[in-house]
Amino acid sequence: ADRGFRALGVAISYSPPDAEPKWEFQGLLALFDPPRYDTKKTIETAVAMGVEVKMITGDQVAIAKETCRELGMGTNILNTDVLTNPNTSAVDLDAIIMESHGFAEVYPEHKFQIVDRIRKQGYV
């Protein structure tokens, strides 16, 4: 997973629906979801125009970091624990968000929270 690769195990059961299933391993499926071919160039163009790009993804932290490496972005990717920590002040949270390169393992409400806090700091 550190390089963005994942695997899915596949099994089948021929047991009747009312019986305890007896699973038979069938194999592994390799999964890899690389960025689009033009993403790195798009990010480079945005950065050259003064846009600070942050990654916000539902993927795991390790996958997000690898994707950032591939795209030439920073790898200070945090999970959502920092967003939901009741001991983190609003000022500290704003600083954490701005200093990070992005967030992983997020849900839509986390995306809204991150963007809302960035907007309230005067960035659009």
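Refer to the structure printed above.
Keep in mind that what you see is a predicted model, and the values were worked out from it rather than measured. (Residues numbered from 1 in each chain as written. Predicted model: local features only at pLDDT ≥ 70, side-chain atom pairs only at ≥ 80, totals over all residues. Heavy atoms only, no water.)

1. Side note on the sheet that holds strand β4 (residues 77–78)
Counted only if it meets this: Following DSSP output, two strands are said to pair if at least two bridges run between them. Segments assigned H or I by DSSP are reported as helices when at least four residues long, segments assigned E as strands when at least two residues long, and all are numbered from the N terminus.
Pairing is parallel in the open sheet, where three strands are placed in the order β3-β5-β4. The open sheet has two free edges, formed respectively by β3 (55–56) and β4, since each of these has just one partner strand. Alignment of β4 against strand β5 (residues 102–103), held across two bridges, turns out to be parallel. Within β5, the residue paired with Leu78 across the bridge is Phe103.

2. Considering helix α4 (residues 90–99)
Just so we agree on the cut-off: Accessible area is worked out with a 1.4 Å probe on protein chains only. A residue is then buried under 20% of its type maximum, exposed over 50%, and partly exposed in between. Taken from the helix axis, the directions to the C-beta atoms give the arc we talk about. Only heavy atoms matter for contacts: two residues are in contact if any of them lie within 4.5 Å across the pair.
Those residues of α4 that fall on the buried side of the exposure criterion are Leu93, Asp94, Ile97 and Met98. An end-on view of α4 places all buried positions within 130° of arc, on one side of the element. The exposed set on the far side of α4, more than 90 degrees from its buried face, consists of Val91 and Glu99. At its buried positions, α4 is contacted by α3 (81–84), β5 and α5 (108–120).

3. Thoughts on the packing of α4 against α5
Which entries qualify depends on this criterion: For every element, the axis is a line fit to its C-alpha atoms; helices are fit only across the contacting stretch, and the angle between N-to-C directions ranges from 0 to 180 degrees. Oblique is the label for any angle not under 35 degrees, not over 145, and not in the 65 to 115 range, which are roughly parallel, roughly antiparallel and roughly perpendicular in turn.
Where α4 contacts α5, the two axes come as close as 10 Å, and the packing angle between them is 100°. When the axes of α4 and α5 are compared, the pair comes out roughly perpendicular. Contacts from Ala90, Leu93, Asp94, Ile97 and Met98 in α4 reach Gln113, Ile114, Arg117 and Ile118 in α5.

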